[in-house]
Every structure is written in structure tokens, then in C-alpha cells.
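# Secondary and tertiary structure notes
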Amino acid sequence: MKTTLRTDITINDICKGFTYNELDGKGLYGLSGKLTIQPEYQRNYIYADGIRDVAVIESILKGYPLGILYFVKTGEDTFEVLDGQQRITSFGRYVIGKFAVKIDGMENYFSGLNEDLQQKILNTKLLIYECEGTETEIKEWFKTINIAGIPLNEQELLNAIYSGKFVTEAKREFSNRQNSNVQKWKAYVKGDVKRQDFLSCALDWVSKGEKEKYMSEHRNSDNINELKTYFTTVIDWISGVFKSVEKEMCGLKWGELYEKYGRNPYNPDEVDKKLKELYADGSVKKRSGIFEYILGGCVDTKLLEIRVFEDRDKRIVYENQTKLANENQLSNCPLCAISENANKTRIWKLSEMDADHVTAWSKGGATDISNCQMLCVTHNRAKGNR
């Protein structure tokens, strides 16, 4: 790939014709319309947090270098930003009055700055590498230069590699903060719209975990109906089965759960009743497992990580059982004591025994000392396997 170093472009040049779309779509241009600031393979603007965007302006005012910017030559006199979009958008937004910077304790928008400070910003020269090459070369370079700074996450990188009609339409649907469905999605999907997390989730669900293959196959299509329909179907299924929305629902592997249980019939009222019972049960340690536990018919208690008996309680129960066993000349394991084998009178050590629910937790037995018994390891394991 051919690169040419340019030092003749200033912030003022970039800001000529600068446009900024407050939505998450495209529409960022500068250099009198000749520079596309946010090409399809670029992530969305993420510096608008009052910290990183402000830091860019403070660096300029202090005379600190902004670092190298990379532009791709797309025509005789047209370019697009390969690297530096966050910095360019930050100073462009400041110049057009989108945010203020504190100077000497006072908030100052660009229009309110002293003339000398305005000129200092506008006349700042930029260090730009102008690049020319094939699409493959450009994207490989893009991946390389994004190793430093705030790295691209997986989905942002995939968007860059498979940029095209499909990514454009998919981002318009799933990476737009103005989408009215985002609030509903947030109950079940963890992440940030701007960092492509909702798009990543939708692709993961529809592709059954093969996002890259799916994006490659659909790259040149502008039809995202399958992606949108599948994602919506899963979301509607979750909200249809579970009437209550709990924080532990966010980020679960709902796509996999839908594939596994989506065809099963459920009574939402009964599901909600069971959900509330499990949330109120102090024995349940892993609340995020409650949802699959219910979907699976309340069978696999391993999903809940049921609280075990405390060591103190186990020792008290062991000592009481052992004292009674010695008095009756029987084993301190209740099941050994009623057997007719060699262990009928054996006194087991505490280390040779396990705590067990007298009334099984699945049948309403609590995990407290009143429902605890100590069994020899062999009997406890056999009892647990029935």
C-alpha cells in the first residue's frame, strides 16, 4: 500500500463543511465535503462522554500533538478516514458548538473563546498519512493500526472486514440509539448500542454462533429481514414466557435457550409464580440459572447452585448423630444403621460423611440445620443419584 505524508492540512480545513449527525447513522463529512469521516467499516463515535472529547480539545490548546491520522484516497480529490475518526469528530463537534471545555474554571464553547484561542485551534496543523491501496490492503492496515488506543471490539472489527450493504442496513437497525426497541432489548441483551453489542447479539443468535460466516455470506445483500425477524422472535419469546423482568436476565444466552426450549408450551402465570418462589428462596445461590431451570421443567438443580450446609451446622449435626449412635450401638450414618451389612455399627469420621437434606430441597426442604442429616459418602452419593 502506498502512503504519502501530508502536513499542509489544518483543523480549519477539516472543519470546512463539517457535518455531524446526532443519530448513530452516517453523515459525517469535512474538508468541504471531500472527506468522509465515518466510512462503513468505522465504528460509531464513542468519545462523546465529556472526558475523551474534552481531552482532545485540551491537548490542542496545550500544543500537544494529536498523533498521526490516516486518510484513504478514494478518488482524484476525495478521501475517507482510515484512522483518527474519534479525534476528528471531537474537534469538529467542538468547533460547531456541540460541547464546552472548562478553561480557567469556566465552561467555554468554541464561539465564546478568545480570538487567539480560536485561531490556535483552527490553525493547528495535522500529521496525515494519505494511503492508497486495494480494499484488502486498506482493511488489513485498519486492523493493524487499531491495535493501540481504544481497541476495536470483535463486532467492530467484523463490521470493518465485511463492510457493505448488509452491515450498513444492520447497523441502521441495531446500532441506532434512536431505535424505540432499544429499551426493551436492554432487559435481555447486555452492552452498548454504540459499540455494536446489540448487532453482535443478533448476529450470534441467527447464525448459531457463526457470525463471521453469516456476515460473509450476506455481505452484499441489503436484506436484513432474517436477522431482524429472528432477533425479534427470541425477544418476544422471552417476554412472552416470563412476565417479570429481572436484572439477571440480561446477558443470558437467550438464543441458545430459544433453540432448546422455544417450542415448549409454558403458562406465563405459573412461570411467574415459580420465578418469585425461587427468588425468595435463600437456598438458591445462582439466580441467573433460575430461568433455564424453569424452562427445563425444574429438574436440573445444578443450574441454581443450591446453598450447602455451613461447616458449623454439619459439625453440630455430626456430634448429635454420633452421640445417639454410640448410645444405641449403631452407625452414626442413619442409612447404615438400618442396613444388615458390616457398616451397621460403624462410627464414621466427620471427613467420611456428607451433609444431606432430610427433605429434599426440590420438595420444599430448606437448607438449614433442622433439615440436615449426615450420611456416609457412599450412601449420600447413592441417595443423590436416585
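Structural data are supplied above this passage.
Here's a quick rundown of the structure. What you see is a predicted model, and the numbers here were worked out from it, not measured in a lab.

## Focus: the environment of Phe99
- In this structure, Phe99 sits in the loop between α3 (85–95) and β6 (101–103).
- Sequence spacing of Phe99 and Tyr109 is 10 residues, and the spatial spacing of their C-alpha atoms is 6.4 Å.
- Not counting residues up to four positions away in its chain, the partners in contact with Phe99 are Asp53, Val54, Ile57, Ser90, Arg93, Tyr94 and Tyr109.

## A look at the packing of helix α11 (residues 225–241) against helix α12 (residues 254–261)
- Here α11 crosses α12 at 75°, and the two axes come no closer than 10 Å. Between α11 and α12, the interaxial angle falls into the category roughly perpendicular. In this structure, α11 uses Tyr230, Thr233, Val234, Trp237 and Ile238 to contact α12, whose residues at the interface are Trp254, Gly255, Leu257, Tyr258, Glu259 and Tyr261.
- Here the residues of the contact of α11 with α12 are counted per class, giving 8 nonpolar, 2 polar and 1 charged.

## Thoughts on the packing of aromatic side chains
- Under the defined criterion, the tally for this structure stands at 18 aromatic pairs.
- Taken together, a centroid distance of 6.0 Å and an interplanar angle of 85° make the contact between Tyr94 and Phe110 edge-to-face. Of this pair, Tyr94 sits in helix α3 while Phe110 is found in the loop between β7 (106–108) and α4 (115–122), placing the two residues 16 residues apart along the sequence.
- Between Phe242 and Phe291, the aromatic rings sit 5.4 Å apart at their centres with planes inclined by 80°, giving edge-to-face as the arrangement. Residue Phe242 is located in the loop between α11 and α12, and its partner Phe291 is located in helix α14 (residues 290–295); the two are separated by 49 residues in the primary sequence. Pair check on accessibility: Phe242 and Phe291 agree, each one buried.
- The ring of Trp348 is capped by Arg346, whose NZ or CZ atom sits 3.8 Å from the centre of that ring.

## Topic: unusual backbone geometry
- With a phi angle near 55°, Asp104 is a residue other than glycine that sits in the positive phi range.
- Mapped onto the fold, Asp104 is located in the loop between β6 and β7.
- Non-glycine residue Gln196 carries a positive phi angle of around 70°.
- Relative to the elements of secondary structure, Gln196 occurs in the loop between α8 (182–185) and α9 (197–207).

## What to know about the pattern of salt bridges
- Counting across every chain of the model gives 22 salt bridges.
- Here Asp77 and Lys34 are joined by a salt bridge, their closest N and O atoms 2.8 Å apart. Of this pair, Asp77 sits in the loop between β4 (68–73) and β5 (79–83) while Lys34 sits in the loop between β2 (29–30) and β3 (35–36), and the two are 43 residues apart along the sequence.
- Given a relative accessible area of 36%, Lys34 falls into the partly exposed group.
- Residues Glu169 and Arg172 are paired through a salt bridge, measuring 2.6 Å at the closest nitrogen-oxygen approach. Highlighted residues: Glu169 and Arg172, both in helix α7 (residues 165–174), separated by 3 residues, approximately one helical turn.
- A network of salt bridges, in which partner residues are shared, links Arg6, Asp8 and Glu130.

## A closer look at the environment of Asn181
- On the secondary structure map, Asn181 appears in the loop between α7 and α8.
- What makes Asn181 partly exposed here is its relative accessible area of 35%.
- In this structure, the C-alpha to C-alpha distance between Asn181 and Arg93, residues 88 residues apart in sequence, is 28 Å.

## Observations concerning the pairing of β4
- For β4 and strand β8 (residues 127–132), the ladder comprises 5 bridges, and the chain directions are parallel. Within β8, the residue paired with Leu69 across the bridge is Ile128.
- Where β4 meets β5, 4 bridges bridge the pair, whose relative direction is antiparallel. Along β5, the bridge assignment pairs Tyr70 with Asp83.

## Observations concerning the side chain of Gln38
- Structurally, the position occupied by Gln38 is in the loop between β3 and α2 (52–61).
- Within the local environment of Gln38, its side chain forms a polar contact with the side chain of Gln85, the two groups lying 3.2 Å apart.

## Looking at the nonpolar core
- Trp205, Leu227, Phe231, Phe242 and Trp254 are the most contacted members of the largest nonpolar core, which totals 49 residues.
- No other element matches α11, which puts 8 residues into this core.
- Residues contacting Leu227, with those up to four places away along its chain left out, are Phe166, Ala170, Phe174, Leu199, Ala202, Leu203, Val206 and Tyr214.
- Listed in part, the 36 residues of the second largest apolar core include Cys15, Tyr45, Val56 and Ile121.

What counts as what
- Residues numbered from 1 in each chain as written.
- Predicted model: local features only at pLDDT ≥ 70, side-chain atom pairs only at ≥ 80, totals over all residues.
- Heavy atoms only, no water.
- Helix = DSSP H or I, 4+ residues; strand = E, 2+ residues; numbered from the N terminus.
- Contact = heavy atoms within 4.5 Å.
- Axes fitted to C-alpha atoms, helices over the stretch in contact; angles between N-to-C directions.
- Parallel < 35°, antiparallel > 145°, perpendicular 65-115°, else oblique.
- Nonpolar A, V, L, I, M, F, W, Y, C, P; charged D, E, K, R; others polar.
- Phe/Tyr/Trp six-rings, centres within 6.5 Å; stacked < 30°, edge-to-face > 60°.
- Buried < 20%, exposed > 50% of the residue type's maximum accessible area, 1.4 Å probe, protein only.
- Lys NZ or Arg CZ within 6 Å of the ring centre and 35° of its normal.
- Salt bridge = Lys/Arg side-chain N within 4 Å of Asp/Glu carboxyl O.
- Pairing = 2+ DSSP bridges.
- Polar contact = N/O pair within 3.5 Å; in protein donor to acceptor, adjacent residues only side chain to side chain.
- Core = buried A, V, L, I, M, F, W, Y, C linked by side-chain atoms within 4.5 Å.

These results come straight from atomic positions and should not be treated as a statement about function.
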